[in-house]
Amino acid sequence: MVTAAVMLSVVAALAWLLWLAADIPGRIGTARWVGLLAVALIPVWLLLVAYYAPIEAVQGIIQKIFYVHIPAIIPTYFGFILSAIGGGLYLFTRQERWDQLAVSGAEVGVVFCTLMLVVGPIWAKPAWGQWWAWDLRLTMTLILWFIYVAYLFLRSFAFGSDTARTYTAVYGIAGVCVIPFVYFALDLAQSATMHPTNPAREGLPPEMGRTVGVGMITFIWIFAWLIARRCEVGLLQSRVLASRVGVA
Amino acid sequence: MPWVLAAYGVTGVVLVGYALYLRAARGAALRDQQRRS
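From a predicted model like this one, the values you see are computed outputs, not experimental measurements.

Undergrad: Looking at this model, I keep getting lost on the nonpolar core. Mind explaining?
TA: Generally speaking, nonpolar side chains in soluble globular proteins are found buried as a group. If you look at the biggest cluster of nonpolar residues, it comprises 82 residues, and the most contacted ones within it are Tyr67, Phe112 and Tyr148 of chain A. If you tally residues by element for this core, the top one is helix α11 (residues 206-247) of chain A, at 17 residues. Beyond its immediate sequence surroundings of up to four residues, Phe112 of chain A is in contact with Ala72, Pro75, Thr76, Phe219, Ile222, Phe223 and Leu226 of chain A together with Leu15 of chain B.

Here you go:
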């Protein structure tokens, strides 16, 4: 039930973002409702974390970090996949709106990936006694973060150029190929990592599963709202740049 | 408990901070656009 709701949210958010990107100025008004949905979900998620999810027997209260660390993973992957989709559509159509979607996906994906990389060590220190370990999952996640930070640097150094748009579109499509290595790092490392297993296969108790599911849904809609706002800002900045070039 | 509060606090700061950055960037772009029109 919760898994279906999470999948439905991913599909609905993706459909809404593609619909929005097709006409950003005309459809950005709908972002208000998505923002309200995200804001309404936040207290529900936090109340579930505080009062509904049980305190885990081994780790105690610090296991509650699970409910913020795991939900950040979906928007991270979603953002980078969206960047590849937007990049592919830009290469195919050469329409700027898809380029805006690609850049927005990369930037918001980096925000959530940063969150995951910061919250993870805050959990690791009390749970495992160390902030960081160079195991395959952590190292691959850091590499993924560097790949998309480099994407944003490449983009900012050559803002507004068609060549930069083409290069970053190809780069974004290539970068997304790292995601399976991050996800399956635990299988590739054959248990030689700090992470026990992929949460989807853990068979969580129902209370924990529902709480993390609501966290995922909340983060998906926060992500969708941030993407919409980033697309709008990107379009406005692009218009200002075009007017500057026109004046010059 | 401090670790849990730190994790949720950092999450709040990052997400709200990014949303405020987008709001400021939107305002700056709109002002720039009006100045040029």
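Undergrad: Looking at this structure, how should I read the packing of helix α5 (residues 73-93) of chain A against helix α8 (residues 162-175) of chain A?
TA: Two quantities define a packed helix pair, namely the angle between the axes and the distance from one axis to the other. Residues and elements named next belong to chain A. Between α5 and α8, the least distance of the axes is 8 Å, while the angle of their chain directions is 135°. With respect to each other, α5 and α8 are oriented oblique. Relative to α8, the crossing made by α5 is left-handed. Contact residues: α5 offers Ala84, Gly87, Gly88, Tyr90 and Leu91, while α8 offers Asp162, Arg165, Thr166, Ala169, Val170, Gly172 and Ile173. Residue composition of the contact of α5 with α8, grouped by class: 6 nonpolar, 4 polar and 2 charged.

Undergrad: Is there a simple way to explain the environment of Val68 of chain A in this structure?
TA: Residue and element names in this part refer to chain A. When you line up the elements, Val68 lands in helix α4 (residues 66-69). According to the relative accessible area criterion, Val68 is buried, its value standing at 1%. In this structure the C-alpha to C-alpha distance between Val68 and Val212, which are 144 residues apart in sequence, comes to 7.9 Å.

Undergrad: Before we go on, may I ask you to explain the pattern of salt bridges in this structure?
TA: Once their charged atoms are close, side chains differing in charge can pair, the charge on each being opposite to the other. Residues and elements named next belong to chain A. Under the definition given, this model contains 8 salt bridges over all chains. With its nearest N and O atoms 3.9 Å apart, the salt bridge here joins Glu96 to Arg165. One end of the pair, Glu96, is in helix α6 (residues 96-128); the other, Arg165, is in helix α8, and 69 residues separate them in sequence. According to the relative accessible area criterion, Arg165 is buried, its value standing at 12%. The residue Arg230 makes a salt bridge to Glu107 at a minimum N-O spacing of 3.0 Å. Placement of the pair is Arg230 in helix α11 and Glu107 in helix α6, with a sequence separation of 123 residues. Glu107 matches Arg230 in its accessibility class, with the two residues each being buried. What you see here is one network of salt bridges that share partners, running through Glu96, Asp99, Arg155, Asp162 and Arg165.

What counts, and at which threshold
Residues numbered from 1 in each chain as written. Chains lettered and ligands numbered in written order. Predicted model: local features only at pLDDT ≥ 70, side-chain atom pairs only at ≥ 80, totals over all residues. Heavy atoms only, no water. Core = buried A, V, L, I, M, F, W, Y, C linked by side-chain atoms within 4.5 Å. Buried < 20%, exposed > 50% of the residue type's maximum accessible area, 1.4 Å probe, protein only. Helix = DSSP H or I, 4+ residues; strand = E, 2+ residues; numbered from the N terminus. Contact = heavy atoms within 4.5 Å. Axes fitted to C-alpha atoms, helices over the stretch in contact; angles between N-to-C directions. Parallel < 35°, antiparallel > 145°, perpendicular 65-115°, else oblique. Left-handed = near helix turned anticlockwise from the far one by under 90°. Nonpolar A, V, L, I, M, F, W, Y, C, P; charged D, E, K, R; others polar. Salt bridge = Lys/Arg side-chain N within 4 Å of Asp/Glu carboxyl O.

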